[in-house]
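Examination of the molecular architecture
Residues per chain are reported as follows:
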Amino acid sequence: MALSFFSKSKKAVQNRFRDDYATKMRLKYDPYYHAMESQHGTNVRLHGRDMIMLSSNDYLGLSFHPKVIEAGRAALLKWGTSTTGARISNGSRAFHIELEEKLAHFLGREACHVHSAGYLSCISSVAAFAQKGDIIFADKNIHSCLWEGIQLSRATVERFSHNSPDDFREVAAAASTSDAPKLLVIEGVYSMEGHIARLPELTEIAEDHNCFTILDDAHGFGVLGRHGRGTVDHFGLSDKVDVICGSLSKSLASTGGFIAASREAIEYLRTTGKQTVFSAAISPASAACAQASLEIMQKEREHHDRLWANTKKYRAILKNLGLDTWGSETPATPIVLGSKERVYPFWKALLEKGVFTVMSIAPAVPIGKDLIRTAISAMHTDEQLDKIADAMAYAVKKL
Ligand SMILES: Cc1ncc(COP(=O)(O)O)c(C=O)c1O
């Protein structure tokens, strides 16, 4: 009897993934998880064909920079492949501390903690500081990792319309009679939309309501501000944001994440943040690559200049074709097509012409905003931008 009970329960779970509609559709249309045979910079090889990568987040194009590669190689030789454990159990290494101090200094914060993924950093930056009974005001379009952090914190969440200070003001006013601790959770640059947070207005309202402000700058870091210090620096509002979290996997051309804040906040995180306490440390090579990129960002201005020149050129290409970029202000550039029936042929046409992009369809984006998500890199060449322009023109004809 016991056996049959267990096998039935197991079957229910198995049926869940066998019958999953989204998985069936993904396997049928096959838009994701393509296995590239090789890569050099923004050139990838897929099914024996050379393609231009237009959906990575290598904004500054440092993932093939010789100094970054050399830093990773040297770290592997010196420190081995992994620390094989959480820092609370088998200790930090000199390279963790060095990277954290450099990031903290760069961002004008007292302290920083790095994780093996940006996703972990961003979950932890909410889940460690918020708790049950708190009220979190959150932009409706924040990244999945921030929603997870909110859920784990068990705080009450009040959403406001995307990047709308007016709606935030109303939502915050409605909660103003409560003396619960309040937090604001936003992104600096929204990953899908490419919008820059309206930080001056949002932080002013947050101050009026005594909110502790957490900002995920995964897509602003390296892109905005002095030498790429990010969205907070872009607006000169360093003292208005309490926690900046982000990713090492975009402009810093590595893999990992960070949280930068006051020393007290970081020490608290190291005691109470589950993702911080119970997950293995970032690897030596990843830390070294991020640190090398951080140094290059400050010394070699040309990557940043090239990124913005390419972005301007790319934006003009899309505009000339009448494509809707959702008002993107940054290198993260969506092409909004409005339905999956329009997105799929567009994506396929680009692929046919040798341009690799990613489709993002509802519910990953709001209904009616189904889009192709693209991102420009400093590494895209003029010749590649010309090819991208031809491919886009071809894809438009397929709509
Ligand atoms: C806004 C935002 N936050 C956090 C992350 C997670 O970063 P990572 O890919 O380094 O885990 C991403 C990744 O796409 C992101 O777009």
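The structure reproduced in this document is the subject of the present report. (Residues numbered from 1 in each chain as written. Predicted model: local features only at pLDDT ≥ 70, side-chain atom pairs only at ≥ 80, totals over all residues. Heavy atoms only, no water.)

1. Quick notes on the overall build of the protein
What the protein contains, in helices and strands, is 16 helices and 14 strands. Rg of the C-alpha trace for the protein: 22 Å, near the compact-globule value of 21 Å for 399 residues, within the 12% margin. Reported as C-alpha extents along the three principal axes, the dimensions of the protein are approximately 60 × 55 × 55 Å. Computed over 47 positive and 45 negative side-chain charges, the separation of the two mean positions in the protein equals 7 Å. (Helix = DSSP H or I, 4+ residues; strand = E, 2+ residues; numbered from the N terminus. Rg over C-alpha atoms; globule rule 2.2 N^0.38 Å. Lys, Arg positive; Asp, Glu negative; His and termini not counted. Charge placed at Lys NZ, Arg CZ, Asp CG, Glu CD.)

2. Examining the side chain of Ser254
Tracing the chain through its elements places Ser254 in the loop between β9 (243–247) and β10 (257–261). Discounting residues that sit within four places of it in the chain, Ser254 has contacts with Leu248, Ser249, Ser286, Cys289 and Ala290. (Contact = heavy atoms within 4.5 Å.)

3. Thoughts on the pairing of strand β14 (residues 371–375)
Burial analysis of β14 places five of its five residues in the buried class, the great majority of the element. Where strand β11 (residues 332–336) lies against β14, five bridges are found, and the strand directions are antiparallel. Each residue of the ladder has a partner; that of Ile335, found in β14, is Ile372. The pairing of strand β13 (residues 358–360) with β14 spans three bridges and is antiparallel. By the bridge assignment, Met359 is partnered in β14 with Ile372. (Buried < 20%, exposed > 50% of the residue type's maximum accessible area, 1.4 Å probe, protein only. Pairing = 2+ DSSP bridges.)

4. A closer look at the site of the ligand
Lining the immediate surroundings of the ligand are 15 residues, of which Tyr119, Asp216, His219, Ser247 and Ser249 lie closest. Separating a nitrogen atom of the ligand from a side-chain N or O atom of Asp216 is a distance of 2.6 Å. Note that an oxygen atom of the ligand is positioned 2.9 Å from one of the side-chain N or O atoms of Lys250. When isolated, the ligand has an accessible area of 390 Å², and the protein chains bury 83% of it. No other element matches helix α6 (residues 118–127), which puts three residues into the shell around the ligand. When the residues that make up the shell around the ligand are grouped by side-chain class, the tally is five nonpolar, seven polar and three charged. (Near = heavy atom within 4 Å. Polar contact = N/O pair within 3.5 Å; in protein donor to acceptor, adjacent residues only side chain to side chain. Areas by Shrake-Rupley, 256 points an atom, 1.4 Å probe, with all protein chains shown as cover. Nonpolar A, V, L, I, M, F, W, Y, C, P; charged D, E, K, R; others polar.)

5. Examining the sheet that holds β13
Reading across from one edge, β11-β14-β13 is the order of the three strands in this open sheet, with antiparallel pairing throughout. Only two strands of the sheet have a single neighbouring strand rather than two, namely β11 and β13. Taking the axes of each pair of neighbouring strands and ignoring which way they run, one obtains an average angle of 35° across the sheet. (Axes fitted to C-alpha atoms, helices over the stretch in contact; angles between N-to-C directions.)

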